[in-house]
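One letter stands for each residue in the lines below.
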Amino acid sequence: MPVAPTVAAGGNHSATNVKRRWHQAIDLPLLLFVGCLTAYGLVIVSSVTQGSSEYSPAHQAVGVALGVIMMAIMWRLDYRAFEHWVMPLLVIDVVLLLSPHLPGIGVSANGATSWVRIAGVQLQPGEPAKIVTILLMAAVVARYRGRINDPRDYLHVLFVLGIPFVCIMLQPDLGSGLVILIIGATILFVGGASWRHLLITIAILGALVAAALALDPVLDAAAGHDVFIKTYQMNRLLVFLNPDLDPTGVGYNLRQAQIAIGSGGVFGKGLGNATQSALGFLPEAPTDFIFCVVGESTGFMGSLLLLALYAGLFACTINVMRRSRDRFGSLIAAGIIGMWIFQVLENIGMDLGLMPITGIPLPFMSYGSSFMLVNFMAVGLLLSIWKERPLQRR
């Protein structure tokens, strides 16, 4: 579905030549929803990390502060400069995603090498790589001016998308890999890719996944180790297909997540009284299962409020996409909203048992400085696009 950029009236009359007042250069509704989500997240994280030696509310607050600084920097930049940075963006993307494999700085955890430690600070390069991928894909797709009908052009775009995807899967990080695929698919859809090509791609990917699942046990037995799919990933898929499978073993996380959400009732148990997470029954409560804490602490009404805030965030992002002065800006906004919507649906869905557990965090809510920083960088890009939009004449 191509998006035609809004063109300022008067042909050559550029929006950048119009003097803007401060309230015209800032998307106040967008900032309002982002601020409410961030404040909500800080309150929930603080309530669930009380007395924790592993998680610190102060650390999360520092992540927010750094995120606000990055947001301001991205807002002040002219996003259009990135449109001509295809090769530099690709190089930066690859370097970020492969950096955890560098000796001396790479950190392995839970079977994946997704972190780097520099000067005592641990970071996840895959998070900023998502923003780089959005800029990269938007720059590549924008060149086709809203129509990608030639199979060779379509394959070229898929090849570019495949580079960061392969790099992230070498860690391996399935959750971030899925996010990168969704970013690419959203930008392709909005950028005018043929429906026929998109459906063929989905069918091929589905066949490849089915083949990998079928052949994985045979290849694992022959090689003596996991080849395509890790054991914990297969267990997550089996639990998704059968939620009652081994409730005290591989199905423990899902069972505890559903208990936590259901125990909140209509109005919740109150902040700091979420017993499932406070007593350690709910694993990874401040990160992957933060929505469970929301449900247990604030109940159905608090969860509904969170969903309403996300709906407002998505509406503001779509508005930025529609009001962009050019196709490149529209595609950036499309990539951002694709990323956010998928992360929200997957995180909440996996907590409810409606989606497989992948470890994808919840935007502006889950604990993690790298993740928080990237979300604010995305907001900064949206504000930069909004700042440069054509002003409507009165």
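Procedures and definitions
- Residues numbered from 1 in each chain as written.
- Predicted model: local features only at pLDDT ≥ 70, side-chain atom pairs only at ≥ 80, totals over all residues.
- Heavy atoms only, no water.
- Axes fitted to C-alpha atoms, helices over the stretch in contact; angles between N-to-C directions.
- Helix = DSSP H or I, 4+ residues; strand = E, 2+ residues; numbered from the N terminus.
- Parallel < 35°, antiparallel > 145°, perpendicular 65-115°, else oblique.
- Left-handed = near helix turned anticlockwise from the far one by under 90°.
- Contact = heavy atoms within 4.5 Å.
- Nonpolar A, V, L, I, M, F, W, Y, C, P; charged D, E, K, R; others polar.
- Core = buried A, V, L, I, M, F, W, Y, C linked by side-chain atoms within 4.5 Å.
- Buried < 20%, exposed > 50% of the residue type's maximum accessible area, 1.4 Å probe, protein only.
- Phe/Tyr/Trp six-rings, centres within 6.5 Å; stacked < 30°, edge-to-face > 60°.
- Pairing = 2+ DSSP bridges.
- Patch = residues over 30% accessible without salt bridge, like charges linked within 9 Å, V, L, I, M, F, W, Y side chains within 5 Å.
- Areas by Shrake-Rupley, 256 points an atom, 1.4 Å probe, with all protein chains shown as cover.
- Salt bridge = Lys/Arg side-chain N within 4 Å of Asp/Glu carboxyl O.

Trainee: I keep staring at the packing of helix H2 (residues 28-48) against helix H3 (residues 57-76) and nothing clicks. Help me out?
Mentor: Packed helix pairs are characterised by how far apart their axes lie and by the angle those axes make with each other. Running from amino to carboxyl end, H2 crosses H3 at an angle of 165 degrees, the nearest separation of the two axes being 9 Å. As summarised for this structure, H2 and H3 are arranged roughly antiparallel, according to the angle between their axes. Once H2 is placed against H3, the crossing between them reads as right-handed. Of the residues in H3, those in contact with Leu 31, Thr 38, Leu 42, Val 45 and Ser 46 of H2 are Pro 57, Gln 60, Ala 61, Val 64 and Met 71. Across the contact of H2 with H3, the residue classes break down as seven nonpolar, three polar and no charged.

Trainee: Would you take a moment to explain the nonpolar core for this structure?
Mentor: Note on soluble globular proteins: their nonpolar side chains tend to be buried together. Core analysis: the largest hydrophobic core is formed by 96 residues, its most contacted members being Leu 306, Tyr 310, Ile 332, Trp 340, Leu 362, Phe 364 and Met 365. Beyond its immediate stretch of four places on either side in the chain, Leu 306 contacts Leu 37, Tyr 40, Phe 291, Val 294, Leu 362 and Met 365.

Trainee: Even after reading the chapter, I still don't get the packing of aromatic side chains, so can you show me in this structure?
Mentor: Given two aromatic rings, one states the distance between the centres and the angle between the planes to describe the pair. Per the counting criterion, the structure on display carries seven aromatic pairs. When the centroid spacing of 6.1 Å and the interplanar angle of 20 degrees are considered together, the rings of Tyr 79 and Phe 328 count as stacked. On the criterion of sequence distance, the pair formed by Tyr 79 in the loop between H3 and helix H4 (86-98) and Phe 328 in helix H13 (residues 327-352) is long-range, its members being 249 residues apart. We classify Tyr 79 as buried; its relative accessible area is 1%. Judged by relative accessible area, which is 1%, Phe 328 ranks as buried.

Trainee: Can you help me understand the environment of Val 95 in this one?
Mentor: On the secondary structure map, Val 95 appears in helix H4. On the basis of relative accessibility, which here comes to 51%, the residue Val 95 falls in the exposed class. When the C-alpha atoms of Val 95 and Pro 125 are compared, they prove to be 9.1 Å apart, with 30 residues separating the residues in sequence.

Trainee: Even after reading the chapter, I still don't get the sheet that holds strand S3 (residues 121-123), so can you show me in this structure?
Mentor: For sheets, the rule is that strands pair by backbone hydrogen bonds, running either parallel or antiparallel. With antiparallel pairing, three strands are arranged side by side in an open sheet as S1-S2-S3. A single partner strand is all that each edge strand has here, and the edge strands are strand S1 (106-109) and S3. Averaged over neighbouring strand pairs, the angle between their axes works out to 40 degrees when direction is ignored. In this structure, S1 lies alongside strand S2 (residues 112-118), joined through four bridges in antiparallel fashion. Counted as the bridge partner of Val 107 is Trp 115 from S2.

Trainee: Looking at this model, I keep getting lost on a nonpolar patch on the surface. Mind explaining?
Mentor: There is a patch of nonpolar side chains on the surface, built from Val 266, Phe 267, Phe 300, Met 301, Leu 304 and Leu 307 and spanning about 610 Å² of accessible area. When you line up the elements, Leu 304 lands in helix H12 (residues 290-323). Under the relative-accessibility criterion, Leu 304 is labelled partly exposed at 41%.

Trainee: I'm lost on the pattern of salt bridges in this one. Help?
Mentor: According to the stated counting rule, one finds six salt bridges in the structure shown. Put simply, Asp 78 and Arg 80 hold a salt bridge, and the shortest N to O gap is 2.8 Å. For Arg 80, a relative accessible area of 22% puts it in the partly exposed group. For Glu 296, the salt bridge is made with Lys 269, and the minimal N-O distance between the two is 2.9 Å. With Glu 296 in helix H12 and Lys 269 in the loop between helix H10 (252-263) and helix H11 (275-278), this residue pair connects regions lying 27 residues apart in the sequence. According to the relative accessible area criterion, Glu 296 is buried, its value standing at 0%. One network of salt bridges, in which partners are shared, links Asp 78, Arg 80, Lys 387 and Glu 388.

Trainee: Would you mind showing me how to read the environment of Pro 286 here?
Mentor: Here Pro 286 shows up in the loop between H11 and H12. Separated by 64 residues in sequence, Pro 286 and Met 350 have C-alpha atoms that sit 15 Å apart.

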